[in-house]
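# Descriptive analysis of the structure
As a plain string of letters, each chain reads:
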Amino acid sequence: MPVDRDVELDELYREIILDHYRNPRNRGSLEEPSLSGEGDNPLCGDEVKLDVAIQGDHVAGVRFLGRGCSISQASASMLTQAIMGLSLDEVEALFESFKGMMYGSDQVDAESLGDLEALQGVRKFPVRVKCATLAWNVLQEALDRHRKAKT
Amino acid sequence: MKPLRVRSMFDVASIREDFPILQRQVHGKPLVYLDNAATTQKPRAVIEALVHFYEHHNANIHRAIHALGEEATAAYEETRASVARFINAPRPECIVFTRNTTEAINLVAYAWGRQNIGPGDEIVLTEMEHHSNLVPWQRLAQETGATVKYIGVSDEGTLALNDLGSFIGERVKLVAVTHVSNALGTINPVEEIVAAAHRRGAVAVVDGAQGAPHMPVDVQALDCDFYAFSAHKMLGPTGVGVLYGRYELLDAMQPFLSGGEMIRRVRLDGANWNDVPWKFEAGTPNVADVIAFSAALDYLTALGMANVRAHEEELTAYALRRLRQREELIIYGPLDASRRGGVVSFNYPDIHPHDVGTILDREGVAIRAGHHCAQPLMNRFGVAGTVRASFYIYNTVEEVDALLQGIEKVRAFFGDAGR
């Protein structure tokens with residue numbers, strides 16, 4: 001690597017992000033998901049498809065498929081790890097914290113986000129924020145549909 | 001490697017001095033602007049022409065009795081004549097000003113298409129069209145009951161033309177093709193396609209957005225019926241497009257937009273239309289930008305479009321050679337620079353174009369990463385997008401070297417990620 005390191009670029013492509021991109025966790029699909037969703041960023045061609053299994057009120061399984069840039073795919077992979085086992089309300093709260101972090105809210109305790117905190121560096125690259133939030137938006141839309149169907 | 005020297009008749013160093021923006025830095029690095037297929041930078045002469053108009057001649061055109069109005073009208077119409085000379089149109093009235101290439105093509109789709117296309121008719125396009133030469137025709141087909149057929153693209157990124165005569169059959173009413181692919185750089189044999197269309201009595205539309213800015217264009221030699229391009233891709237301001245149309249066709253067409261300027265007389269029970277081309281220029285046009293476009297045409301004419309083409313071909317050949325030395329890169333489009341415009345399109349097998357784009361941007365290198373508004377073509381090659389570098393008159397071999405250095409940095413950054 002060159003001597004003149006680009007700190008912001010290093011922050012964007014943190015090792016943990018590249019690791020999730022290289023070795024995506026929970027990649028695949030579920031046979032009988034409780035909810036699914038898919039979405040894309042038409043301008044960049046990032047695609048993410050999510051399957052979530054819910055037991056009671058908790059996430060019991062989650063898989064994703066997709067293609068796109070490292071940020072979009074790493075974020076999806078990290079999402080699957082982050083929401084596993086959470087209640088739907090906890091997923092909602094995590095989603096709010098994550099969005100708060102991506103859009104620069106000061107009230108978010110980034111450390112509470114665990115690995116997801118690594119995506120903080122994306123904030124310095126406004127055109128890439130939508131890559132990081134893609135999987136989360138897919139999840140939220142799927143959850144909204146799930147809730148509406150139940151009520 | 002010793003960089004190629006660009007031929008001396010084309011003094012890139014002095015050209016660069018005419019472009020103020022080329023002095024700026026991006027992320028602390030000198031700007032290397034290689035996104036010219038999206039839009040080009042503007043020489044001082046164009047920027048000054050715009051300011052000069054507003055400071056000295058600003059008025060509405062075609063209606064004022066006063067001096068400013070006369071001056072503005074004369075300058076506007078002189079630009080029309082300049083455009084006609086630039087593409088060797090037989091007369092200035094064949095030139096219609098629009099907002100951009102997209103609007104020019106839409107004008108044909110609405111004003112010619114809705115009058116001449118009916119159920120069962122066929123429209124022939126190619127798989128490599130920009131969305132702006134694709135979606136208007138798909139909509140026209142949907143509304144009229146016509147069908148759209150596509151000329152395929154080979155693995156090399158050229159049009160599959162071996163069976164052109166039978167592909168353009170008796171029901172074909174319109175053939176629309178890009179002069180130069182914005183995504184691959186492929187230069188299409190437009191004369192051959194136009195001739196095949198005309199043998200069936202079909203009308204031929206050429207999307208010249210990547211043609212007219214980069215090479216000599218003679219619409220009479222091409223023999224096309226319509227040719228569309230944008231000022232901002234050839235040193236001019238944004239907001240000005242050009243539609244060249246064969247006079248008899250324009251004359252027989254109904255207006256596109258309606259309102260002021262495009263009428264001859266309006267009564268409470270109807271109106272009749274102004275002459276070509278004003279029939280198609282409803283409302284106050286983009287007077288200042290059209291007039292400043294004239295300075296862009298003068299600039300390119302002084303350089304000579306054959307020299308512009310030669311310079312871009314030389315840069316493209318050099319870029320292709322350097323890119324091919326990195327064997328893992330996948331290069332799209334013809335590998336022979338004489339068959340492509342100043343565009344190189346490529347991918348790392350395992351790194352998304354947007355990741356490449358972000359890292360290059362940090363090096364001051366501006367390229368386009370994505371689908372280039374040609375999604376069917378991207379699907380044809382099974383990719384979400386590509387990295388595209390596109391050249392113009394002010395680019396240098398040293399900038400191609402900067403691109404390559406940036407690309408090497410991308411690999412260093414990603415290591416074997418995703419492999």
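Everything discussed here concerns the structure shown above.
These remarks concern the structure in this document. Within each chain, residues carry numbers counting from 1 in the order of the written sequence. To label them, take the chains in the order written and letter them from A, then take the ligands in the order written and number them from 1. Reporting of local features is limited, given that this is a predicted model, to residues whose pLDDT is at least 70; pairs of side-chain atoms are given and counted only at 80 or more, and all residues count toward the totals for whole chains, interfaces and linings.

Another point: the overall build of chain A. Working definition: helices are DSSP H or I runs of at least four residues, strands are E runs of at least two. Numbering for both runs from the N terminus. Counting its regular elements, chain A contains 5 helices and 3 strands. N-terminal to C-terminal, the α/β element order of chain A is α-α-β-β-β-α-α-α. For 151 residues, the compact-globule estimate of 2.2 N^0.38 gives 15 Å, and the C-alpha radius of gyration of chain A, at 15 Å, lies within 12% of that figure. Principal axes of the C-alpha set define a box for chain A whose edges measure 55 × 30 × 25 Å. We call a residue exposed when 12 or fewer other C-beta atoms sit within 10 Å of its C-beta, buried when the count reaches 20 or more, and partly exposed for counts in between; the C-beta positions come from the backbone. Here chain A holds 151 residues, and 37% of them are scored as buried. Radius of gyration: C-alpha atoms only; globule rule: 2.2 Å multiplied by the number of residues to the exponent 0.38.

All names here are of chain A. Overall, antiparallel pairing links the 3 strands, which are arranged β1-β2-β3 in an open sheet. Only two strands of the sheet have a single neighbouring strand rather than two, namely β1 (35-41) and β3 (58-67). Across the sheet, the axes of successive neighbouring strands diverge by a mean angle of 15°, strand direction being ignored. Relative to strand β2 (residues 46-55), β1 runs antiparallel, the two sharing 7 bridges. Residue pairing for β2: Leu35 is matched across the bridge by Val52. Each residue is represented by a C-beta atom placed from its backbone, and any two residues with such atoms within 7 Å are regarded as in contact. Under this scheme, a helix contributes an axis fitted over its contacting stretch, all axes are lines through C-alpha atoms, and angles between N-to-C directions fall in the 0 to 180 degree range. Sitting on the sheet, helix α3 (residues 70-83) touches β2 and β3, and the angle it makes with β3 is about 170°. Relative to β1, helix α5 (residues 129-150) is tilted by about 145°, and along the sheet it contacts β1, β2 and β3. Two strands pair if DSSP finds at least two bridges between them.

All names here are of chain B. As summarised here, the arrangement of the 4 strands in space is β13-β14-β17-β16, forming an open sheet in which the pairing is antiparallel. The sheet is open, and its two edges are formed by β13 (330-332) and β16 (368-370), each paired on a single side. Neighbouring strand axes in the sheet, compared pairwise and without regard to direction, differ in orientation by 30° on average. Pairing geometry for β16 and strand β17 (residues 386-390), over 3 bridges, is antiparallel. Directly across from Gly370, in β17, lies its bridge partner Thr386. Relative to the sheet, helix α12 (residues 353-362) contacts β14 (343-347), β16 and β17, its axis offset from that of β16 by approximately 155°.

All names here are of chain A. Joining the antiparallel neighbours β1 and β2 is a turn of 4 residues, in which Gly45 adopts a positive phi near 80°. Note that β2 and β3 share 9 bridges and pair antiparallel. Across the sheet, Lys49 pairs through a bridge with Leu65, a residue of β3. Taking the residues between adjacent antiparallel strands as the criterion, β2 and β3 are bridged by 2 residues, where Gly56 takes a positive phi near 65°.

Moving on: the pairing of strand β10 (residues 241-245) of chain B. Residue and element names in this part refer to chain B. Burial analysis of β10 places 5 of its 5 residues in the buried class, which makes it a mostly covered element. Across the two faces of β10 the burial is the same, with Gly241, Leu243 and Gly245 and Val242 and Tyr244 all buried. Where strand β4 (residues 95-98) meets β10, 4 bridges bridge the pair, whose relative direction is antiparallel. Pairing of Val96 across the sheet is with Leu243, part of β10. With 5 bridges joining them, strand β9 (residues 226-230) and β10 adopt antiparallel strand pairing. Looking at the pairing, Ser230 lines up with Gly241 of β10.

Okay, the environment of Thr80 of chain A next. Along the chain, Thr80 of chain A falls in helix α3. The sequence separation of Thr80 of chain A and Leu139 of chain A amounts to 59 residues, and the corresponding C-alpha distance is 10 Å.

With 162 residues, the main nonpolar core has Ala135 of chain A together with Val175, Ala204, Tyr244 and Ala296 of chain B as its most contacted residues. For this core, the domains that each give at least three residues are domain 1 (12-39 + 304-414) and domain 2 (47-301) of chain B. Ignoring sequence-local partners within four residues, the contact set of Tyr244 of chain B consists of Ile87, Ala89, Cys94, Ile95, Val219, Phe226 and Tyr227 of chain B. Here a nonpolar core is just a set of buried residues of the types Ala, Val, Leu, Ile, Met, Phe, Trp, Tyr and Cys, joined wherever their C-beta atoms sit within 7 Å. Source of the domain bounds: an automatic or database domain assignment.

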